[in-house]
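Close look at the chain arrangement
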Amino acid sequence: MFFSGDSSTRKRVDLGGRSSKERDRQKLLEQTRLERNRRWWLRQQNSAALRIQKCFRGRKAVEAEHAKVREQFFTTYGRHCQNVDRHSFGPDSEFLRQLLFFFDARNVGDFSALVETCRLLQNFVRDSGDAVNLFAGMDYSSKNALVDYRVKQLAYACIQAVHQNRNQFKGQLLMTSDEPSSPTILLLEAVVMLLDPKLPWVCKIVGHLLQRNTYSLLREIVLTAKESVGTYSTGRVPSLECLLTILISHVGQNPCICPVIDPRWSFSSQILTIPFLWALFPYLKEVFTRRGLSEHYIHQMALCVQNHTNVLPDDISADFPGYACLLGNILETASVFFSQPDCSLDMAIDIAAVMTFLLQALPPMKSSNRESKENSSGGEDEMAVGDEIMEKVVSKDLEQQISNAIDPRFLLQLTNALFGGISLINHLCEEGPDDREVAAIGAACAFLHVTFNILPLERIMTVLAYRTELVPLLWKFIKRCHENQKWSSLSEQLAYLSGDMPGWQLPLAVFCPVYKHMLTIVDNEEFYEQEKPLSLSDIRCLIVILRQALWQLLWVNPAMPPNLMKPAPEVTSHRGHPIEFTQQRVSIVTAELLSQLQDWNNRRQFAPPSYFHADAVNEYFISQAVIENTRAYTILKQAPFLVPFTSRVKIFTSQLAAARQRDGSHSVFTRNRFRIRRDHILEDAFNQLSVLSEDDLRGLIRISFVNEFGVEEAGIDGGGIFKDFMENITRAAFDVQYGLFKETADHLLYPNPGSGMIHEQHLQFFHFLGTVLGKAMFEGILVDIPFATFFLSKLKQKHNYLNDLPSLDPELYRHLIFLKHFEGDLSELELYFVIVNNEYGEQTEEELLPGGKNIRVTNENVITFIHLIANHRLNFQIRQQSSHFLRGFQQLIQRDWIEMFDEHELQLLISGSLDGLDVDDLRSNTNYAGGYHSEHYVIEMFWEVLKSFTLENQMKFLKFVTGCSRGPLLGFKYLEPLFCIQRAAGSASEEALDRLPTSATCMNLLKLPPYRSKEQMATKLLYAINADAGFDLS
């Protein structure tokens, strides 16, 4: 710095408030600490250097001793053991002591000496037939410690030598004892000979080998051998396979005293995780599947599963993960286990537990029918899990091995093994399930639940539904647990799989999809009359249980926040979030089954509709149901039947009102006006309205009618004329005489399969009619069109099944049911997989399957034939018409708006109630004007007259005053505006009283003169409502 002119030194002040002495003391302490750490680190370095030097000097000394003994050995016995005789193997000889002391598998000379030793050993034992005498002389008991030590060291050295040189001799690893010149065969055969079960030291040798992690060496030998699997003859059992067979046969057998080894180095972990093991070693598979042996190994694996112990080795490669290889090998042998007549329940439970645990880690099969491939929406968590799944790709061959093993026969064996012992318990114990029954049910449900999410359902559902007792047994279990509140015991049994999951979730996760599948195949007689597989009283009880469970899952304790919930069945991975996945899966399958039971109840009622309604639905719930990402909204989408019909109609009405208000604001200045001839209403409407855009269709449309004389009718369309137009056009378009629709025997409408033979533009007409129906619903106009249930299913994009066929063709349905229950030989009936269509006298033949005209219907394939016939009539024939109708309908009505209604409820939304006009309800929601009031004598007389009308005339009256022959679905309280009666004449003169009543349908207004008698009023009203004068009457 520059000189400032001030020669004095300024005192430094520490603004921190600390003195310099204190600062120096802290610095000193820090320096001391660092010095101490440095000295400690130097001591550590010195100590480590001493240990390294000590170890190095020790190793050098050992190597020097090995070299010295090796040289003595070769000097004494020769480089090729030419000086060795049978006495060299005795306890007093130095031969084995020296060889085993210096032996190094990496040394070529040592390896040759060991191979020659094994050759001599086998020759001497073959000549004398007594291995004990060869090693111990005449007195084994006094020298057993030394002999046992030498034998087990020799056995391990042989395996170690093969392992070390496996790549050099990879072509010889799978040779048999027929190749005595092969070094690896000599070594392996020597070990096999030393492990003869008759020898006294066998248990000690096996124990020593297992403690030395021999299975890990054998694993690497087998993997190397697999690379040259085609270079050996399969006539006899390879020596390597013989060695493995002897090892696994000994462990766990009496009187085995082998020590318990770490599961990580066991046969199950090291050998069973080799891919396609049984294809390589079929004899090993045969030995492994013996009951006592397999039971021991499976039980050991089950213990690891319950303790959540990861004992698997590193994966061979990314597409051959150890868990999948282990699963494939166990599945291939499981069918053998289950086919044994003495397969115990404990064994079956252990196998199911192990397979379940391994299946959980398996990604879904690419052939699986999961809809996850179609639905890519989801939150960030789901995307992360999805990425994890995409990274896990299992080999196609391995995937095929697993998929082929879980076949119908296997599922049948599994369920029989698990449920065979509990069928009797069900009859003997009515209080509640015991521990063994809970364990069996839990094991079966856990396995099947995981299997449903991995394998294609179509391969396994039919066998579970029709060839096992799964549904009745599970139902009895669920019912008894529900009645006795015993669910906690199942939670405890499956804690290793399901964590803190409530005990009722897994049984429902399996029962619901299987029973749902059964309901798609069972016919009406079986369900309603024979009450199979469950009685109607049991089904009523089931509905209550499912309803309570679903409410618990969706409202009381949802699995995840509503904004992360997905209604599709392919939600989050069961590996990443097993409890949340299971809970959401249970809510889905429960909702699907309840929906299907509601369909059966709609066909023929066996339970009150209120059985399907949750008790806690209130005004708060309804207000929340229209707000996205709320629990109520989720319930409305996933399980709408929990909400009473009237509440859902209110929600639907509010949705329509909001949409009309939103779209109406854009169309105020673009109102569309059309002139329609009454006698050409369909053609004019089709030509003019078909060109409208979706926005125009949602906006206001105004109609002017032209009568048969070409004169425009009086009346300004404020909404009433449009309602009249909608009712007339639907009556004309859906008339069967027009050819677009046909009638069932019950006079219900469905698309005409032969419509293309009548109308060239039939598909465009169906699109237009879908738009017309959508517009009617969008505007809240009820139209009298009774649709067939199976066609309404198409508006919900649902598939129709055999049970829907009676509504279309009851005679065909009876014939198909006759075939289903036919007890003779169906092939004698000469039926083939073809169907004959007869439209307007023109017959065409269609094959139900490729080559169907050559496939005869037999007792084995009759169920397939029946369902193909039903599918053809209910779905295939009308697929084009239904598809175009749906496209037009969805231009105005969103799919999620009607998803909350079943087919019967949808018909009510379209046409209203069939109960007719409720005069009392109309009277209680009527306004009066022009001097009339509720107690006026003319009004009293009017209501009496209206009540006396027939149902047909009451509906005509309603159309006369509102423009629609049906009242609002929820009652006249919701008519907008409310119905009003206005006095038409100012005086009661004869001229005034001779006038007819008139109306203003846009205002729901009746202009009624003050008639003096009921007869006069009835005559005038009936004339007016039956005049069909359009709006000229005004």
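These figures come from a predicted structure and were not determined experimentally.

Scoring rules and cut-offs
Chains are numbered independently. Their residues run from 1 in the order of the written sequence. Thresholds applied to this predicted model are a pLDDT of at least 70 for local features of residues and 80 or more for the giving and counting of side-chain atom pairs; totals over whole chains, interfaces and linings are not thresholded and use all residues. The side-chain figures draw on all heavy atoms in the structure; neither hydrogens nor water molecules are used. Strands are runs of DSSP state E lasting at least 2 residues, helices are runs of H or I lasting at least 4, and numbering of each runs from the N terminus. Relative accessibility thresholds used throughout: buried, under 20% of the residue-type maximum; exposed, over 50%; partly exposed, between the two (1.4 Å probe, protein chains only). We call two residues contacting when some pair of their heavy atoms lies within 4.5 Å. Multiply 1.5 Å by the residue count of a helix minus one, and that product is the helix's expected span. In this text, buried Ala, Val, Leu, Ile, Met, Phe, Trp, Tyr and Cys residues form a nonpolar core when linked through side-chain atoms within 4.5 Å. Think of it this way: DSSP has to see at least two bridges between two strands before they count as a pair. Axis lines are fitted through C-alpha atoms, for helices just across the contact stretch, and the angle between N-to-C directions can take any value from 0 to 180 degrees. Note on aromatic pairs: the rings of Phe, Tyr and Trp (six-membered ring only in Trp) are paired at centre separations within 6.5 Å, and the planes decide the class, stacked below 30 degrees, edge-to-face beyond 60, tilted for the rest. Working rule: Lys NZ or Arg CZ, within 6 Å of ring centre, within 35 degrees of ring normal, means a charge sits over the ring. Pairs of N or O atoms within 3.5 Å make up the polar contacts considered here, provided that, within protein, one atom can donate a hydrogen while the other can accept it, and that residues adjacent in sequence are counted only when both atoms are side-chain atoms. A carboxyl oxygen of Asp or Glu within 4 Å of a side-chain nitrogen of Lys or Arg is what we treat as a salt bridge.

Within the secondary structure, Glu727 is located in helix H34 (residues 720-733). Relative accessible area serves as the criterion here: at 4%, Glu727 is assigned to the buried category. Taking C-alpha positions, Glu727 is 8.0 Å from Leu782, a pair spaced 55 residues apart along the chain. Setting aside chain neighbours within four positions, we find Glu727 in contact with Leu782, Val783, Lys959, Gly963, Cys964 and Ser965.

Turning next to helix H3 (residues 108-128). Taking 1.5 Å as the rise per residue, H3 with 21 residues should run 30 Å; its terminal C-alpha atoms sit 30 Å apart, in good agreement. Where H3 terminates, the next one or two residues include Gly129, which has phi positive at roughly 75 degrees.

Moving on, we come to the nonpolar core. Ranked by internal contacts, the top residues of the largest apolar core, which has 286 residues, are Phe511, Tyr515, Phe725 and Phe787. If we skip the residues at most four places from it in the chain, Phe787 touches Phe734, Phe741, Leu748, Leu749, Leu773, Leu792, Phe885, Gln907 and Ile910. Listed in part, the 28 residues of the second largest apolar core include Val938, Phe942, Val961 and Ala1024.

Right, let's get into the environment of Phe652. Among the structural elements, Phe652 can be located in helix H31 (residues 645-664). It is 8.8 Å that separates the C-alpha atoms of Phe652 and Met900, two residues lying 248 residues apart in sequence. Once you skip the residues sitting within four places of it in the chain, Phe652 turns out to touch Met777, Trp897, Phe901 and Leu909.

Right, let's get into the sheet that holds strand S7 (residues 926-929). The mixed open sheet is built from four strands, whose spatial order is S7-S8-S10-S9. Each edge of the open sheet carries a strand with a single partner, namely S7 and strand S9 (998-1000). The mean angle between the axes of side-by-side strands here comes to 25 degrees, regardless of whether they run parallel or antiparallel. As paired elements, S7 and strand S8 (residues 979-983) share four bridges and run parallel to each other. Paired with Ala929 across the strands is Gln982, a residue of S8.

The full count for this structure, using the stated rule, is 53 aromatic pairs. Each ring, one from Phe73 and one from Phe74, has its centre 5.6 Å from the other, and the planes form 70 degrees; the classification is edge-to-face. Site record: aromatic cluster; members linked through ring pairs are Phe73, Phe74, Tyr77, Phe89, Phe95, Phe102, Phe124, Phe135, Tyr140 and Trp201. The cationic tip of Arg604 hangs over the ring face of Tyr528; the distance from NZ or CZ to the ring centre is 4.3 Å. One Lys or Arg, Arg631, reaches over the ring of Trp555 and ends 4.7 Å from the middle of that ring.

All right, on to the side chain of His759 then. Within the fold, His759 resides in the loop between strand S4 (749-751) and helix H35 (762-778). The class of His759 is buried, set by a relative accessible area of 14%. Here Tyr738 takes part through its backbone oxygen, which lies 2.6 Å from a polar atom of the side chain of His759. If sequence neighbours within four positions are ignored, His759 has contacts with Tyr738 and Leu740.

The next point concerns the pattern of salt bridges. Following the criterion strictly, the structure yields 33 salt bridges and no others. For the salt bridge of Arg79 with Glu71, the shortest nitrogen-to-oxygen distance reads 4.0 Å. Relative accessible area serves as the criterion here: at 48%, Arg79 is assigned to the partly exposed category. Among the residues examined, Glu71 registers a relative accessible area of 45% and is labelled partly exposed. Taking the shortest distance from any N to any O, the salt bridge between Arg923 and Glu940 comes out at 3.0 Å. With a gap of 17 residues between them, Arg923 in helix H42 (residues 919-924) and Glu940 in helix H43 (residues 937-948) connect regions that are remote in the sequence. Since its relative accessible area comes to 31%, Arg923 is described here as partly exposed.

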